[in-house]
Amino acid sequence: EVQLVESGGGLVQPGGSLRLSCAASGFSLSHSWMHWVRQDPVKGLLWISTTHGDGRITSYADSVRGRFIMSTDNSKNTVYLDLSSLSAADTAVYFCVRGANEWRGFDYWGQGALVTVSS
Amino acid sequence: VLTQTPLSSPVTLGQPASISCKSSQSLVYNDGIIYLSWLHQRPGQPPRLLIYCVSKRFSGVPDRFSGSGAGTEFTLTISRVEPEDVGVYYCMQATDVPHTFGQGTKLEIK
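Predicted model, so just to flag it, every value in this text is computed and none were measured.

1. Some details on the overall build of chain B
Step number 1: Along the backbone of chain B there are 0 helices and 11 strands.
Step number 2: When the elements of chain B are put in sequence order from the N terminus, they spell out β-β-β-β-β-β-β-β-β-β-β.
Step number 3: Here chain B has a C-alpha radius of gyration of 13 Å; the compact-globule value for 110 residues is 13 Å, and the two agree.
Step number 4: If you line up chain B on its principal axes, its C-alpha atoms span 40 × 25 × 25 Å.

Below you can see the structure in the form of structure tokens.
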């Protein structure tokens, strides 16, 4: 059974940093595309970043490029998202999402991690 | 841009419901496939995949859910609405990068 469990969310001050983790089970990250998607009440669902478990490609949305870094540790079957230079606009629930193997799109979603940027 | 209509849909249990998703451009990928998905999100839960590639039901999804469409216009249909179907429905395209989502349609029981 595919499971994605996020952790690391919380309250952070503007300009601060945070690391989100996503522990994957039921499949191997090394053969998978993984994504982060965030959701807030104003902008709705927004794709943030994508990487392949073999590390060959990583891409980011314009709004986070240069501030967020996505990485994987295949030995722990875990995906990370390092967030820095945070502002109130980054307040959202962050979902770890698996890319489908046989078609373009997302198949499994984690339960989400709430990041609140506030002083 | 994906535009969903309606934004809110009050429905009667046991009755059908449909949601439209229109794309501002063709969603046909260079392999000829349209990568349009439908997701369902209950309050306090993550989105869950229902339909992918316009009309293919994902594993475990009841057959009362169906997807249709072509080109730039797509529809999610629920043949008989059940209580657990409440929540917000999103269309999502994975043809282009970045993948994008519709604004959501809230399904409520009358």
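2. Some points on the interface of chain A and chain B
Step number 1: Listed per partner, the contact involves 15 residues of chain A and 20 residues of chain B.
Step number 2: Buried surface at the junction of chain A and chain B, both sides included, amounts to about 1,600 Å², of which 70% is carbon and sulfur.
Step number 3: Of all residues in chain A, Leu45, Trp103 and Arg104 of chain A give up the largest surface area on contact with chain B, accounting jointly for 45% of the area buried on that side.
Step number 4: Viewed at the interface, chain B and chain A are joined by 0 salt bridges.
Step number 5: The interface formed by chain A and chain B includes 5 residue pairs in polar contact (both at pLDDT 80 or more).
Step number 6: Contributions of two or more residues to the side of chain A that touches chain B are made by strand S4 (33-40), strand S5 (44-52) and strand S10 (106-109) of chain A.
Step number 7: Of the residues forming the side of chain A that touches chain B, the biggest block, 4 residues, is contributed by S10 of chain A.
Step number 8: By residue class, the composition of the side of chain A that touches chain B is 9 nonpolar, 4 polar and 2 charged.

3. Concerning the state of the cysteines
Step number 1: One pass over the full model with this rule turns up 2 disulfides over all chains.
Step number 2: Disulfide partner of Cys22 of chain A: Cys96 of chain A, at an S-S distance of 2.0 Å. Across the disulfide from Cys22 of chain A to Cys96 of chain A, rotation about the S-S bond amounts to roughly -70 degrees, and the bridge is consequently left-handed. Highlighted residues: Cys22 of chain A in strand S3 (residues 18-25) and Cys96 of chain A in strand S9 (residues 92-99), separated in sequence by 74 residues. Accessibility assignment for this pair places Cys22 of chain A and Cys96 of chain A in one class, buried.
Step number 3: Covalently, Cys21 of chain B is tied to Cys91 of chain B through a disulfide, its sulfur atoms 2.1 Å apart. Where Cys21 of chain B bonds to Cys91 of chain B through sulfur, the torsion about that S-S bond is close to 75 degrees, and the disulfide is right-handed. Placement of Cys21 of chain B in strand S3 (residues 17-23) and of Cys91 of chain B in strand S9 (residues 87-93) is noted, with a sequence separation of 70 residues between them.
Step number 4: Looking at the unpaired Cys53 of chain B, the closest cysteine sulfur is the one in Cys21 of chain B, lying at 14 Å.

Analysis parameters
Residues numbered from 1 in each chain as written. Chains lettered and ligands numbered in written order. Predicted model: local features only at pLDDT ≥ 70, side-chain atom pairs only at ≥ 80, totals over all residues. Heavy atoms only, no water. Helix = DSSP H or I, 4+ residues; strand = E, 2+ residues; numbered from the N terminus. Rg over C-alpha atoms; globule rule 2.2 N^0.38 Å. Contact = heavy atoms within 4.5 Å. Buried area = accessible area lost by both parts, 1.4 Å probe. Salt bridge = Lys/Arg side-chain N within 4 Å of Asp/Glu carboxyl O. Polar contact = N/O pair within 3.5 Å; in protein donor to acceptor, adjacent residues only side chain to side chain. Nonpolar A, V, L, I, M, F, W, Y, C, P; charged D, E, K, R; others polar. Disulfide = S-S within 2.5 Å. Buried < 20%, exposed > 50% of the residue type's maximum accessible area, 1.4 Å probe, protein only.

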